[in-house]
Amino acid sequence: METRVCSFCGNNVEPGTGMMYIKRDGTVLMFCTSKCRKNMLELKRVPRRVRWSQHFERQA
């Protein structure tokens, strides 16, 4: 089985779970939960600025 990574938070998406979103340009986005999907697509948030994502950049 192929494990996938959430496009927003960076967590692993178990096979048979999550959501796949395909943009008009052919880009495939995988989301582990609706929370991640809503934050990226509806609220247009950047994962680097959301504290609970693994892509969060800490300002030193």
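Attention in this report is confined to the structure presented alongside it. What you see is a predicted model; the values in this text were computed from it and never measured. (Residues numbered from 1 in each chain as written. Predicted model: local features only at pLDDT ≥ 70, side-chain atom pairs only at ≥ 80, totals over all residues. Heavy atoms only, no water.)

1. Looking at the overall build of the protein
Counted only if it meets this: The helix and strand labels rest on DSSP assignments: H or I over at least four residues marks a helix, E over at least two residues marks a strand, and numbering proceeds from the N terminus. Residue burial is assigned from relative accessible area. The probe radius is 1.4 Å, only protein chains are included, and a residue is buried under 20% of its type maximum, exposed over 50%, and partly exposed in between. Where accessible areas are quoted, they stem from the Shrake-Rupley method and a 1.4 Å probe; at the residue level, only the protein chains shown are allowed to cover. In this charge count, Lys and Arg are treated as positive and Asp and Glu as negative; neither His nor the chain ends contribute. Every charge is mapped onto a representative atom, which is NZ of Lys, CZ of Arg, CG of Asp or CD of Glu.
Counting its regular elements, the protein contains one helix and four strands. Taken from N to C terminus, the helices and strands of the protein fall in the order β-β-β-β-α. By principal-axis analysis of the C-alpha atoms, the protein measures approximately 40 × 25 × 20 Å. The buried share of the protein, taken over its 60 residues, is 22%. Within the structure as shown, the protein displays about 4900 Å² of accessible surface, and the carbon and sulfur contribution to it stands at 46%. Taken as two groups, the 12 positive and 5 negative side-chain charges of the protein have centres that lie 9 Å from each other.

2. Side note on the environment of cysteine 36
Here is the rule: Only heavy atoms matter for contacts: two residues are in contact if any of them lie within 4.5 Å across the pair.
Mapped onto the secondary structure, cysteine 36 falls in helix α1 (residues 34-42). Exposure remark for cysteine 36: the relative accessible area of 2% places this residue in the buried category. Sequence separation between cysteine 36 and phenylalanine 8 is 28 residues, and the spatial gap between their C-alpha atoms is 5.8 Å. Filtering out sequence-adjacent residues up to four positions away, cysteine 36 remains in contact with Cys6, Phe8, Cys9, Phe31 and Trp52.

3. Considerations on the side chain of asparagine 39
The condition is simple: Any pair of nitrogen or oxygen atoms within 3.5 Å is treated as a polar contact; in protein, a donor-acceptor pairing is required on top of that, and neighbouring residues in sequence qualify only through side-chain atoms on both sides.
Position of asparagine 39 among the secondary structure elements: in helix α1. At 2.7 Å, the side chain of asparagine 39 forms a polar contact with the backbone oxygen of lysine 35. Discounting residues that sit within four places of it in the chain, asparagine 39 has contacts with Phe8, Lys44, Arg45 and Trp52.

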